[in-house]
Amino acid sequence: MGDQQQAAAVDDQHARPPKVGDITIEALGELSKALETIHRVRGHLYSAHQLVGGADLTLDRVVRLLRGAGHDEVADRVEHELLGRNVLPGRWTFQIVEEFDDGYYAAFQEIERDAREKLAGGRRHIYEAEMKERRRTHGMPGHEATP
């Protein structure tokens, strides 16, 4: 079974370079899909970062309310053991986000870009562009190839 070539894209920017076969295009499409998932993971990490930070700031009020109600022992525990605590050994969430961004995320983006450069002249979303061309109804409003 070889790496055969087929399909047209919706525009030249997303056209398959000459002699690039179906398996290569599918592999690049899957790599792009995986990168899109990692973009979502990054967004979730930033959400966690903001949520944990907000919860930590809320603990100031919790401590104040507990002290106001005469529960100093519980307030002390919240203040000393929880408020400002690392979420992972030695790390607040901003440090986790920075490590993710500079390590795994940066490597993933660079490898995906390098694969596109080497295998498809840097073109993005060739797989999707060919799928759009196959699935759209030519001449039907709302099914135009490009804006």
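Going by the structure above, here's the rest.
Remember, it's a predicted structure, so these values are computed and weren't measured experimentally.

The rules behind these values
- Residues numbered from 1 in each chain as written.
- Predicted model: local features only at pLDDT ≥ 70, side-chain atom pairs only at ≥ 80, totals over all residues.
- Heavy atoms only, no water.
- Axes fitted to C-alpha atoms, helices over the stretch in contact; angles between N-to-C directions.
- Helix = DSSP H or I, 4+ residues; strand = E, 2+ residues; numbered from the N terminus.
- Parallel < 35°, antiparallel > 145°, perpendicular 65-115°, else oblique.
- Left-handed = near helix turned anticlockwise from the far one by under 90°.
- Contact = heavy atoms within 4.5 Å.
- Nonpolar A, V, L, I, M, F, W, Y, C, P; charged D, E, K, R; others polar.
- 1 Å grid on protein atoms, 1.4 Å probe; cavity = no way out; pocket = protein on both sides within 12 Å on 5 of 7 lines; lining within 4 Å.
- Points joined across faces, edges and corners; volume = space filled by probe spheres on them.
- Patch = residues over 30% accessible without salt bridge, like charges linked within 9 Å, V, L, I, M, F, W, Y side chains within 5 Å.
- Areas by Shrake-Rupley, 256 points an atom, 1.4 Å probe, with all protein chains shown as cover.
- Salt bridge = Lys/Arg side-chain N within 4 Å of Asp/Glu carboxyl O.
- Buried < 20%, exposed > 50% of the residue type's maximum accessible area, 1.4 Å probe, protein only.
- Phe/Tyr/Trp six-rings, centres within 6.5 Å; stacked < 30°, edge-to-face > 60°.
- Polar contact = N/O pair within 3.5 Å; in protein donor to acceptor, adjacent residues only side chain to side chain.

### Looking at the packing of helix α1 (residues 22–68) against helix α2 (residues 72–82)
- At a minimum axis distance of 8 Å, the contact between α1 and α2 shows a crossing angle of 160 degrees. Viewed along their axes, α1 and α2 adopt a mutual orientation that is roughly antiparallel. For the pair α1 and α2, the sense of crossing is left-handed. Together, D56, L59, V62, V63, L66 and R67 of α1 and D72, V74, A75, D76, V78, E79 and L82 of α2 make up the contact between the two elements.
- Taken together, the residues of the contact of α1 with α2 break down into eight nonpolar, no polar and five charged.

### Section: empty space enclosed by the protein
- Within this structure, the stated rule accounts for one cavity of 30 Å³ or more.
- Lining the largest cavity, in full, are I25, L28, G29, S32, E112, R116, R123, R124, H125, I126, Y127 and E128.
- Broken down by secondary-structure element, the contributors of at least two residues to the lining of the largest cavity are α1, α3 (93–120) and α4 (126–135).
- Per element, the largest residue contribution to the lining of the largest cavity is four residues, and it comes from α1.
- Grouping the constituent residues of the lining of the largest cavity by class yields four nonpolar, three polar and five charged.

### Focus: a nonpolar patch on the surface
- Taken together, the side chains of V52, V87 and L88 present a nonpolar region at the surface, about 210 Å² in accessible area.
- Along the polypeptide, V87 turns up in the loop between α2 and α3.
- Take V87: its relative accessible area is 39%, and that puts it in the partly exposed class.

### Considerations on the packing of aromatic side chains
- For the structure on display, the rule yields four aromatic pairs.
- Each residue in the set F100, Y104, Y105 and F108 is aromatic and connected to the rest through ring pairs, giving one cluster.

### What about the layout of surface pockets?
- By volume, the largest pocket amounts to about 220 Å³.
- In terms of residues, the lining of the largest pocket owes the most to one element, α1, which gives seven residues.
- The residue inventory of the lining of the largest pocket, partitioned by class, reads eight nonpolar, three polar and two charged.

### Some thoughts on the side chain of H14
- Tracing the chain through its elements places H14 in the segment before α1.
- A polar contact is formed between the side chain of H14 and the side chain of D11, at a distance of 2.7 Å.
- For H14, the residues in contact, after removing those within four places along its chain, are A9, R124, H125, I126 and A129.

### Looking at the environment of D56
- Inspection of the secondary structure puts D56 in helix α1.
- In the structure, D56 is positioned 27 residues away from L83 in sequence and 5.9 Å away in space, judged by C-alpha atoms.
- If sequence neighbours within four positions are ignored, D56 has contacts with L82, L83, G84 and R85.

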